[in-house]
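# Analysis of the macromolecular model
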Amino acid sequence: MKEVKAFIHRGRVVDVIHALEDGGFHYLSFSDVKGQLTALSAQEQSYSIELGERVTRQIKLEVFCEDDQAERAVQLIRLHGRTGQSVAGWVYQSTMDRAWPIDGQVG
């Protein structure tokens, strides 16, 4: 099993998620994060008191899939996450040793 993790601009996340869902990927999670991507607009940037510099609001997207599907997930994220910048985000792939569902059984 693979984990594909991407850091993308907030304005691209809807298109990326829809492309992944249309591609059959259903184990998705995403969260708001702050990072160092080059902002597309002033609305994406804020000043971090903790870091003492400007940061960009972005989305961390995680996709969990079978090994043979990982390359397709990466392709979809890279295609639909484009902004016109030379670097519009980053995609990482890791191997997951095991995964367990949390079932509905109690006790």
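Scoring rules and cut-offs
Residues numbered from 1 in each chain as written. Predicted model: local features only at pLDDT ≥ 70, side-chain atom pairs only at ≥ 80, totals over all residues. Heavy atoms only, no water. Helix = DSSP H or I, 4+ residues; strand = E, 2+ residues; numbered from the N terminus. Buried < 20%, exposed > 50% of the residue type's maximum accessible area, 1.4 Å probe, protein only. Contact = heavy atoms within 4.5 Å. Arc of directions from axis to C-beta. Core = buried A, V, L, I, M, F, W, Y, C linked by side-chain atoms within 4.5 Å. Axes fitted to C-alpha atoms, helices over the stretch in contact; angles between N-to-C directions. Parallel < 35°, antiparallel > 145°, perpendicular 65-115°, else oblique. Left-handed = near helix turned anticlockwise from the far one by under 90°. Nonpolar A, V, L, I, M, F, W, Y, C, P; charged D, E, K, R; others polar. Phe/Tyr/Trp six-rings, centres within 6.5 Å; stacked < 30°, edge-to-face > 60°.

### With respect to the overall build of the chain
- A count of helical and extended segments in the chain gives 2 helices and 5 strands.
- Start at the N end of the chain and walk to the C end: the helices and strands fall as β-α-β-β-β-α-β.
- Of all 107 residues assigned to the chain, the portion counted as buried reaches 29%.
- The long-range share in the chain, meaning contacts at least 24 apart out of those at least 6 apart in sequence, stands at 74%.

### Things to note about helix α2 (residues 70–80)
- For α2, the set of buried residues is Ala70, Ala73, Val74, Leu76 and Ile77. Buried residues of α2, seen end-on, are gathered within an arc of 165° and therefore sit on one face of the element.

### Quick word on the nonpolar core
- Ranked by internal contacts, the top residues of the largest apolar core, which has 18 residues, are Val4, Ile8, Leu20, Phe25, Leu61, Val63 and Ile77.
- Elements with a minimum of two residues in this core: β1 (2–9), α1 (13–22), β4 (53–65) and α2.
- Residues contacting Val4, with those up to four places away along its chain left out, are Leu61, Glu62, Val63, Ala70, Ala73, Val74, Ile77, Val91, Tyr92 and Gln93.

### Here's the deal with the packing of α1 against α2
- With their axes 9 Å apart at the nearest point, α1 and α2 run at an angle of 150° to one another. Taken together, the axis directions place α1 and α2 in an arrangement best described as roughly antiparallel. In this structure, α1 meets α2 at a crossing whose hand is right-handed. Mapping the contact onto sequence places Asp15, Val16, Ala19 and Leu20 in α1 and Ala73, Leu76, Ile77 and His80 in α2.
- Along the lines of polarity and charge, the residues of the contact of α1 with α2 split into 6 nonpolar, 1 polar and 1 charged.

### What to know about the environment of Val91
- Secondary-structure assignment places Val91 in strand β5 (residues 89–95).
- Distance in space between the C-alpha atoms of Val91 and Arg78 is 7.7 Å, their sequence separation being 13 residues.
- Those residues in contact with Val91, other than ones at most four positions away along the chain, are Val4, Lys5, Ala6, Val74, Ile77 and Arg78.

### Points about the packing of aromatic side chains
- Scanning the model with the defined rule gives 1 aromatic pair in all.
- Pairing Phe7 with Tyr92 gives two aromatic rings, centres 6.1 Å apart and planes at 80°, and the pair type is edge-to-face. Of this pair, Phe7 sits in strand β1 while Tyr92 sits in strand β5, and the two are 85 residues apart along the sequence.
- Its relative accessible area of 22% is what places Phe7 among the partly exposed residues.
- Overall, Tyr92 belongs to the partly exposed group, its relative accessible area being 42%.

That's the geometry; what it means functionally is another story.
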